[in-house]
Every structure is written in C-alpha cells, then in structure tokens.
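Below, each chain spelled out in residue letters.
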Amino acid sequence: MPKQKVYVTRARVPEAIELLRTLFDVEVWPDNTPPPKNVLLEQAAVNDAMMTEVDDVIDESILESGKGKLKIIANRGVGYNNIDLNAATACDVIITNTPGILAEACADMTFALILSIARKVTFGDRAIRNGKWTVFDQVPYLGTDVHGKKLGIIGLGDIGEKVIKRSIGFEMDVFYHSRTSKPEIEEKYRITRMGFNDILATCDYVSLHVPLSSETENMISSKQLSMMKKESFLINMSRGPTVNLDDLNAALESGQIAGAAIDVTDPEPVPVDHPIVNNENIVITPHIGSASKATFTAMGIAAANNVVAALKGKDIPSPVN
Ligand code: NAP
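Each chain carries its own residue numbering, running from 1 in the written order of its sequence. In view of the model being predicted, local features appear only for residues whose pLDDT reaches at least 70, and side-chain atom pairs are presented and counted only at 80 or more, with totals across whole chains, interfaces and linings using the full set of residues. Side-chain descriptors were evaluated using all non-hydrogen atoms of the structure, hydrogens and water having been removed beforehand.

Caption draft 1: Broad picture of the domain arrangement of the protein. Each domain span listed reflects an automatic or database assignment of domains. Each assigned domain of the protein is listed here: domain 1 (5-101 + 294-311) and domain 2 (103-284). One C-alpha centre belongs to domain 1, the other to domain 2, and the line joining them spans 31 Å. Across the boundary between the two partners, domain 1 contributes 6 residues, which contact 5 residues of domain 2. By buried area we mean the combined loss of accessible area, with a 1.4 Å probe, across both parts when two parts are placed together. Surface buried jointly by domain 1 and domain 2 totals about 430 Å² across both partners, of which 47% is contributed by carbon and sulfur atoms. Per-residue buried area on domain 1 facing domain 2 is highest for Asn 81, Ile 101 and Thr 295; these three make up 64% of the total on that side. Salt bridge, as used here: a side-chain nitrogen of Lys or Arg that lies within 4 Å of a carboxyl oxygen of Asp or Glu. Remark: the boundary between domain 1 and domain 2 carries 0 salt bridges. Polar contacts, as counted here, are pairs of nitrogen or oxygen atoms within 3.5 Å of one another; within protein the pair requires one atom able to donate a hydrogen and one able to accept it, and residues that are adjacent in sequence qualify only if both atoms are side-chain atoms. Our enumeration of links across domain 1 and domain 2 arrives at 1 residue pair in polar contact (both at pLDDT 80 or more). Amino acids are sorted into nonpolar (Ala, Val, Leu, Ile, Met, Phe, Trp, Tyr, Cys and Pro), charged (Asp, Glu, Lys and Arg) and polar (every other residue, Gly among them). Tallied by class, the residues present in the side of domain 1 that touches domain 2 amount to 2 nonpolar, 4 polar and no charged. Whether two residues are in contact is decided by their heavy atoms, any of which lying within 4.5 Å being enough.

Caption draft 2: Broad picture of the nonpolar core. By size, the foremost hydrophobic cluster in this structure holds 30 residues, and its most contacted members are Leu 151, Ile 191 and Tyr 205. Secondary structure counts use DSSP, requiring at least four H or I residues in a row for a helix and at least two E residues in a row for a strand, with both numbered from the N terminus. Mapped by element, the contributors of at least two residues to this core are helix H5 (103-118), strand S6 (150-154), helix H7 (158-169), strand S7 (173-177), helix H8 (183-189) and strand S10 (233-236). Broken down by element, the residue count for this core peaks at 9 residues, all from H5. Every residue in contact with Leu 151, bar those within four places of it in the chain, is listed here: Ile 114, Val 163, Ser 167, Met 172, Asp 173, Val 174, Phe 175, Cys 203, Tyr 205 and Ser 207. Remark: nonpolar core denotes a set of buried residues (Ala, Val, Leu, Ile, Met, Phe, Trp, Tyr, Cys) joined through side-chain atoms within 4.5 Å. Categorising residues by exposure relies on relative accessible area from a 1.4 Å probe, with only protein chains included: less than 20% of the type maximum marks a residue as buried, more than 50% marks it as exposed, and the intermediate range marks it as partly exposed.

Caption draft 3: Expanded view of the pairing of strand S2 (residues 25-28). Of the two faces of S2, only one is covered, namely that formed by Val 26 and Val 28; the face formed by Asp 25 and Glu 27 stays uncovered. For two strands to count as paired, DSSP must find a minimum of two bridges between them. Note that strand S1 (residues 5-8) and S2 share 4 bridges and pair parallel. Each bridged residue has a counterpart across the sheet, and for Tyr 7 the counterpart in S2 is Glu 27. Seen with its strands pointing away from the viewer, a crossover is right-handed if its path from the first strand over the helix to the second goes clockwise. In this fold, the crossover linking S1 to S2 by way of helix H1 (residues 14-21) has right-handed handedness.

Caption draft 4: Main features of the packing of aromatic side chains. The criterion for an aromatic pair is that two Phe, Tyr or Trp rings (for Trp, the six-membered ring) have centres within 6.5 Å, with stacked assigned to planes under 30 degrees apart, edge-to-face to planes over 60 apart and tilted to the rest. Tallied over the entire structure, the rule returns 3 aromatic pairs. Ring geometry for Phe 123 and Tyr 141: centres 5.7 Å apart, planes at 55°, overall tilted. Within this pair, whereas Phe 123 is found in helix H6 (residues 121-129), its partner Tyr 141 is found in the loop between H6 and S6, the two being separated by 18 residues in sequence. Residue classification places Phe 123 among the partly exposed positions, given a relative accessible area of 22%. Centroid distance Tyr 205 to Phe 233: 5.2 Å. Interplanar angle 10°. Geometry classified as stacked. You can see Tyr 205 sitting in strand S9 (residues 205-208) and its partner Phe 233 sitting in strand S10, a full 28 residues away along the chain. A relative accessible area of 0% places Tyr 205 in the buried class. For a ring to carry a charge above it, either NZ of a lysine or CZ of an arginine must fall within 6 Å of the ring centroid while also lying within 35 degrees of the normal to the ring plane. Lying across the ring of Phe 123, Lys 120 places its NZ or CZ 5.1 Å from the centre.

Caption draft 5: Spotlight on the sheet that holds S10. Here we have 7 strands laid out as an open sheet, ordered S8-S7-S6-S9-S10-S11-S12, and parallel in their pairing. With one partner strand each, in any of the chains shown, strand S8 (192-193) and strand S12 (282-284) form the two edges of the open sheet. Sheet topology note: the S6/S7 ladder contains 5 bridges and is parallel. Paired with Ile 153 across the bridge in S7 is Tyr 176. To obtain an axis, a line is fitted to C-alpha atoms, over the contacting stretch when the element is a helix, and the angle between two such axes runs from 0 to 180 degrees between their N-to-C directions. Across the sheet, helix H11 (residues 245-254) touches S10, strand S11 (259-262) and S12, and the angle it forms with S11 is around 145°.

Caption draft 6: The packing of H1 against helix H12 (residues 293-311), seen in detail. In contact at an axis separation of 8 Å, H1 and H12 are set at 20° when each is read in the N-to-C sense. Looking at the two axes, H1 sits roughly parallel to H12. Here the hand of the crossing between H1 and H12 comes out right-handed. On H12, the residues touching Glu 15, Ala 16, Leu 19 and Leu 20 of H1 are Thr 297, Gly 300, Ile 301, Ala 304, Asn 305, Val 307 and Val 308. Each residue belonging to the contact of H1 with H12 can be placed in one class, and the counts come to 7 nonpolar, 3 polar and 1 charged. Comment on the angle field: the value is read as roughly parallel under 35 degrees, roughly antiparallel over 145, roughly perpendicular from 65 to 115, and oblique elsewhere. For any pair of crossing helices, the crossing counts as left-handed if the nearer helix is rotated counterclockwise from the farther one by less than a right angle, and right-handed if it is rotated clockwise.

Caption draft 7: Structural context of empty space enclosed by the protein. Cavities and pockets are found on a 1 Å grid laid over the protein atoms alone: a cavity is a set of points where a 1.4 Å probe fits but cannot escape, a pocket is an open set with protein on both sides within 12 Å along at least five of seven lines, and a lining residue has an atom within 4 Å of such a point. Grid points are joined across faces, edges and corners, and a volume is the space filled by probe spheres set on the points. Using the criterion set out here, one finds 1 cavity of 30 Å³ or more in the structure. Its volume calculated, the largest cavity comes out at about 50 Å³.

Caption draft 8: The pattern of salt bridges, seen in detail. Scanning all chains against the criterion turns up 17 salt bridges. A salt bridge links Arg 12 to Glu 53, with the nearest nitrogen and oxygen atoms 3.6 Å apart. Taken together, the positions of Arg 12 in the loop between S1 and H1 and Glu 53 in the loop between strand S3 (49-52) and helix H3 (60-66) put the pair 41 residues apart, joining distant regions of the chain. On the basis of relative accessibility, which here comes to 27%, the residue Arg 12 falls in the partly exposed class.

Have a look at this one:
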C-alpha cells in the first residue's frame, strides 16, 4: 500500500520532518518564503496532510481543492488566523495548532520588549554602534522604571498569564481585560479585571495578547492611543493587524505616548521605508516571540504529532475545529 502523503511548507524544523518521514511520503517546499497559491492549490489536492507556517494563507479555494483527500492542516503556531476555519470545517479538513508550548518563550520576549523600550536598551546599543557615545553622560539615556508600575494585559490567555507570573518579580500592579472574567487567575496573582478603556487610561505598560479576529483587528488605533497616558508604553506580542501602524507612528511622533515595543506589524515584514522604522521611541522585532531554539523545535514536533495522530486515526492533540 502506498504511503500517505504529507506536504510541509518550509524546511525549518528538520526534527519534525524526520519524524514525518519515518511514516509518510513527505515533500517539502524548498524556499524560505511561503509557497505561491498555485502550489498550495496543487498540493492540497494530492496530499493527505499539510504542515503549515503562520504566514501561509490557507483560504477557501485551497481547502476546496483538498476536499475529499486532505485530512488535516497542522499549523506550526498557536495563532491560526491565516486559515479560513469555517471553510476548513465545511470541507472536513481538521485544523490544529500548537498551544501550551510557546507561552513561556513569548512571555520572556514580552519582558525583553518592555525592558528594552523602558530602559532604552536598543537606543543605547544604537548610539554606541553609531559612534554617538563620546562622553559619560547618562542624561540622553534616562529611561522609565518597570518595577512598581501598572501593567495592563489585554487578552488574558496562556501568554498573558505567563507575563503576569514574571511581573511579580518586578512588583507591578497588574490589571487585565478579557471578554470573560478569570477568577482563579485573579486570586492566584492578586490581579484586577478592568474595562478596556480603563486599562488604556490607567496603565503604564499596555500589553496585547489577544488572537487576531474581527473583534481585535485595529483594536488600537488613534482613538485608543489618545486615551493612553503620555508616559505610557504600548507592547504588541499578538498579531500585527491589532494595531494600526500609521496611527501608532503618529502617536509616537506627537508624544501622545512615550514609546512602543512591538514584535508584530501589519504588513510583515514591515517596509524599511515606513516612517515608524526611524522612530527612536519604538523597538521592533521580526515576529520572534516564540523563537527560542527549544520552543521552535517543540512547536514543529507538536505540529508533526498532530499530523501523525490524524493520519493514523488516533486522538488529535490540539484541534481547533
Ligand atoms: P490564548 O490562550 O487563546 O489567549 C488569548 C486570550 O485572549 C483568551 O484567553 C481570550 O480570553 C482573550 N481574547 C480573545 N478575544 C478577545 C477580545 N476580543 N478582547 C479581549 N480579550 C480577548 O492564546 P495565547 O496562547 O495566549 O496567544 C495569544 C495570541 O498571541 C495568539 O492568538 C497569537 O496570535 C499571538 N502569538 C504571537 C506570537 C509571536 O511570536 N508574536 C507567538 C505566539 C502567539 P476571553 O475568551 O476571556 O476573551
């Protein structure tokens, strides 16, 4: 009997590809950029499974193309806004993600961003590299304290909770906004639920950890930025389209907020000629929230395990539809 076929859209996690190769006939897209749509349409039609990255756009036409043959698309990531979930369900294609693996790494990175922007880490680093550190004078590098400040978590899920855990060491007062209350987490970490607008108006650090959805797209634009305190910072560890980049740039230029640190942008990669790239009051990283070596590999193995379970008729570890 011929082996079942699996298509992997990037050669990024060799351990996961090796695992799949022990069981299946595996083909891997060789380039470092997403396969073009015509390739995805062709591969969806002839494979039993696909393992995808969060920047592969899996729309209705690709799912229709796989209907009847394609059993699973295993996304290597916790977010799955790149996949049309309703179309997947209609086409009987199982979608999976990789939860419970990357929250600690993303929370580490959230604090890296908070500390970098507040204490001018990248600003100082740039100054040295550009030959501007010519006298021992701390005045241009005076930052803002992180310890003892008010932290607002928007979207309290796995990552948000790990950020709160870290904030305890910094003795921060933590507030959160989510659609539902989380009494156990409130009690465990002594945190307080607050309305979205109240968090914007109150907190020194506002940190986004929501999934991208029709509710969260553009949730931070000029109106919300105008509610924030002049000395406050915006952190985005969620998805780029939650924040309007032009509005954020305007808020930074006008001094409406003190700074921002963002791991995600819309679009990605952010164009180097976008004015925000030259703003000194922002730290931008290239969507690397989960990207520690160990977590990166574990996410690949988790996605591969979803494929194995689906094709071998076992319980699927992390379905989302
Ligand atoms: P999660 O456990 O699902 O938590 C997300 C939380 O957001 C949920 O608990 C939910 O609580 C809340 N939420 C959803 N819609 C909301 C809304 N409209 N307003 C307020 N809160 C809302 O997910 P996670 O693992 O923490 O990850 C969160 C997101 O981070 C992912 O979806 C992904 O997009 C992003 N991410 C980014 C990176 C990176 O590299 N930058 C890495 C991993 C993940 P309620 O249901 O109570 O509202």
